[in-house]
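Understanding the architecture of this molecule
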Amino acid sequence: MLWIQVLVNGLALGGLYACIAAGFSLVWGVLNIINILHGSLIVLGGYLAFFAHQSFGVSPFLFAPVAGAILFVLGYVIQRIAINPVMGRPVLMTLVLTFGLNLFLDNAMLAGFKADYRKINLNPPLGVFEFGDIILPIDRVYATAVGLALVIALGLLLRFTQLGRAIVAVRMDRDAASLMGIDVKRTYAIAFALGTFMAGSAGALLAAIFPISPVSSGGYLGKAFVICVLGGLGSIPGVVAGGFALGVIESFGALFIGPENALTISFLLLLVLLVVRPTGLLGRKGFN
């Protein structure tokens, strides 16, 4: 029963982990940018949800899309003003740029919110689901359900909408997409903004389960990176599979070698995958 409990705990985080990584995968796949800023945007979404709950009593599960919408606007502005001028340059240049933006946002949050950990305390608590000897916190169920729903919505947008088809076209061949009348710069900005939307939404959901602090942004960035490599870059189903896989692996790793080593397990898994299967489980060209 202990192993089943651990497995259920891992699966309960899977949808949330997928939500963490979906935006990172989108930006990396479409813009060819390794967005170091992603982890800080997740934390910022968590703070937005924290203060919305503290000031107005808004549920973080309902506020998640609102936090995402606020960060969508922020992401669009960042891409048009700071990132768009260096599009097409070597990856190292955009990597350094997003690293600098990450330092700026991290230090701004440290100055404004301090380094103390904060967590949304739901009142009244949601309680737990009990299935015999298996116990599952309801807040984790809600968080992973909302996170998974957002990831599925992103996948449907990319597959069935005109905007999604434009994003896929730019991802596959920027010059051909431009010749077909697609505004490439605007599409890049929207794709980056969608990535920040997912980051903000994930942060709001995380704040309901785990304490948040600006110093935790690196850990979330690491998880997003591992999930993308695990599931395969440019694949929404791959992100979902990678999120569930990482959740289960971390849960069993915490059981055997301690929860403090969960991030270490993630990066060891990353190294193994880069050697054995660098394309990931479901990685392929374009989005599906």
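The present account deals with the structure reproduced in this document. The numbers attached to residues start from 1 for each chain and follow its sequence in the written order. Two thresholds apply to this predicted model, a pLDDT of at least 70 for residue-level local features and 80 or more for giving and counting side-chain atom pairs, whereas whole-chain, interface and lining totals are computed over all residues. Note: side-chain values were computed over all heavy atoms of the structure, leaving out hydrogens and water.

What follows concerns the packing of aromatic side chains. Stacked, tilted and edge-to-face are the three classes applied to pairs of Phe, Tyr and Trp rings, where Trp contributes its six-membered ring and a pair requires centres within 6.5 Å; stacked means planes under 30 degrees apart, edge-to-face means over 60, and tilted covers the rest. Overall, the coordinates contain 11 aromatic pairs when judged by the stated rule. Ring centres of Phe24 and Phe225 lie 6.0 Å apart, and the angle between their planes is 50 degrees; this geometry places the pair in the tilted category. Of this pair, Phe24 sits in helix α1 (residues 2-31) while Phe225 sits in helix α9 (residues 217-231); the two residues are 201 residues apart in sequence, bridging distant segments of the chain. Only protein chains enter the accessibility calculation, which uses a 1.4 Å probe; a residue whose area is less than 20% of its type maximum is buried, one above 50% is exposed, and one in between is partly exposed. Among the residues examined, Phe24 registers a relative accessible area of 1% and is labelled buried. Exposure remark for Phe225: the relative accessible area of 23% places this residue in the partly exposed category. Ring centres of Trp28 and Phe225 lie 5.2 Å apart, and the angle between their planes is 40 degrees; on these two criteria the pair is classed as tilted. Here a helix means four or more residues in a row that DSSP labels H or I, a strand means two or more in a row labelled E, and each is numbered from the N terminus.

What follows concerns the environment of Phe192. Secondary-structure assignment places Phe192 in helix α8 (residues 184-206). Along the primary structure Phe192 and Leu62 are separated by 130 residues, whereas in three dimensions their C-alpha atoms are 23 Å apart. Setting aside anything within four residues of it in sequence, one finds Phe192 in contact with Val27, Leu31, Asn35, Gly75, Ile78, Gln79 and Ile83. Residue contacts are defined here by distance: any two heavy atoms, one from each residue, within 4.5 Å place the two residues in contact.

On to the environment of Gln5, then. Relative to the helices and strands, Gln5 resides in helix α1. Classification of Gln5 by relative accessible area gives buried; the value is 15%. Side-chain polar atoms of Gln5 contact the backbone oxygen of Ile135, separated by 2.7 Å. Contacts described as polar in this section are N or O atom pairs within 3.5 Å, which, within protein, must combine one atom able to donate a hydrogen with one able to accept it, while residues neighboring in sequence count only if both atoms come from side chains.

Right, let's talk about the pattern of salt bridges for a bit. Note on definitions: salt bridges are taken to be side-chain nitrogens of Lys or Arg within 4 Å of carboxyl oxygens of Asp or Glu. This structure, assessed with the given rule, holds one salt bridge. In this structure, the salt-bridge partner of Lys223 is Glu250, at a minimum N-O distance of 2.7 Å. Of the two residues, Lys223 sits in helix α9 while Glu250 sits in helix α10 (residues 236-257), which places them 27 residues apart along the sequence. In this structure, Lys223 and Glu250 share a single accessibility class: buried.

What helix α6 (residues 162-172) keeps buried is the set Gly164, Ala166, Ile167, Val168 and Val170. Check the buried side of α6 and you find it contacts α1, α5 (138-160), α7 (174-179) and α8.

Moving on to the pairing of strand β1 (residues 128-131). In terms of strand pairing, β1 meets strand β2 (residues 134-137) through four bridges, oriented antiparallel. The partner of Phe131 across the bridge, within β2, is Ile134. When DSSP finds two or more bridges between a pair of strands, those strands are recorded as paired. With antiparallel pairing between neighbouring strands as the criterion, β1 and β2 make up a hairpin whose turn holds two residues, including Gly132 at a positive phi of roughly 65 degrees.

Moving on to the layout of surface pockets. What the largest pocket holds in volume is close to 410 Å³. A cavity here means a set of 1 Å grid points, computed over protein atoms only, where a 1.4 Å probe fits but cannot escape. A pocket is an open set with protein on both sides within 12 Å along at least 5 of 7 lines, and lining residues have an atom within 4 Å of a point. Along the walls of the largest pocket sit 19 residues, with Leu13, Tyr17, Phe210, Lys223 and Glu250 positioned nearest its centre. At the level of elements, α1, α9 and α10 are the ones that each hand at least two residues to the lining of the largest pocket. In this classification, the charged set is Asp, Glu, Lys and Arg, the nonpolar set is Ala, Val, Leu, Ile, Met, Phe, Trp, Tyr, Cys and Pro, and all remaining amino acids, among them Gly, are polar. The residue makeup of the lining of the largest pocket, split by class, is 12 nonpolar, four polar and three charged. Grid points are joined across faces, edges and corners, and a volume is the space filled by probe spheres set on the points.

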